[in-house]
Amino acid sequence: MDSRLLNSDDLKAWTGIKQDAALRRWLDAAPYPIPYKTTPKGDICTTLDAVTKALAGREQSDAWVA
C-alpha cells in the first residue's frame, strides 16, 4: 500500500488537466471514482494507492473497453 499524498498540483502535472473542475470530473469518473478530500483552501488531496486502485479498476471495466 502506498499512502503517499498527492495534491492538486501533483495530479495536474501527472494528468495534464489544468482546471480544478475538470480534475474533479476526472477523479469522480464512473465506474471507479478516485476518493479525495478537499482542503479548506480548495486543494485536492488523495493518495497514490487510491489513484492506482481506481485506475486499475477502470482499465478492467467493460465501460472502458474500446
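Keep in mind that what you see is a predicted model, and the values were worked out from it rather than measured.

A.B. asks: What am I meant to see in the pairing of strand β3 (residues 44-47) here?
C.D. replies: Burial of β3 is one-sided: the residues Ile44 and Thr46 facing one way are buried, the residues Cys45 and Thr47 facing the other way are not. In this sheet, β3 lies alongside strand β2 (residues 37-38) in antiparallel orientation, the contact comprising two bridges. Residue pairing across strands places Thr38 opposite Ile44, the latter belonging to β3. Linkage of β2 to β3, two consecutive antiparallel strands, is achieved through a turn of five residues, within which Gly42 is found at a positive phi near 95°.

A.B. asks: What am I meant to see in helix α2 (residues 20-28) here?
C.D. replies: Every α-helical turn comprises 3.6 residues, leaving residues that sit three or four positions apart pointing alike. Here α2 has its buried residues at Ala22, Leu23, Trp26 and Leu27. Looking straight down α2, one finds its buried side chains confined to an arc of 140°; they lie on one side. Where α2 is buried, its residues contact α1 (8-15), β3 and α3 (48-60).

A.B. asks: Before we go on, may I ask you to explain the side chain of Ser8 in this structure?
C.D. replies: Tracing the chain through its elements places Ser8 in helix α1. Setting aside anything within four residues of it in sequence, one finds Ser8 in contact with Leu23, Asp43 and Ile44.

A.B. asks: Is there a simple way to explain the environment of Ile17 in this structure?
C.D. replies: Within the element layout of this structure, Ile17 appears in the loop between α1 and α2. Owing to a relative accessible area of 19%, Ile17 belongs among the buried residues under this scheme. Beyond its immediate chain neighbours, meaning those up to four positions away, Ile17 contacts Lys12, Ala22, Leu23 and Trp26.

A.B. asks: Mind showing me how you'd approach the nonpolar core here?
C.D. replies: Where a protein is soluble and globular, its nonpolar side chains tend to be buried together. Leu6, Leu11, Ile17, Ala22, Leu23, Trp26, Leu27, Ile34, Ile44, Ala50, Val51 and Ala54 form the largest nonpolar core, which has twelve residues in total. Beyond its immediate chain neighbours, meaning those up to four positions away, Ala54 contacts Tyr32, Pro33 and Ile34.

Rules used throughout
- Residues numbered from 1 in each chain as written.
- Predicted model: local features only at pLDDT ≥ 70, side-chain atom pairs only at ≥ 80, totals over all residues.
- Heavy atoms only, no water.
- Buried < 20%, exposed > 50% of the residue type's maximum accessible area, 1.4 Å probe, protein only.
- Helix = DSSP H or I, 4+ residues; strand = E, 2+ residues; numbered from the N terminus.
- Pairing = 2+ DSSP bridges.
- Arc of directions from axis to C-beta.
- Contact = heavy atoms within 4.5 Å.
- Core = buried A, V, L, I, M, F, W, Y, C linked by side-chain atoms within 4.5 Å.

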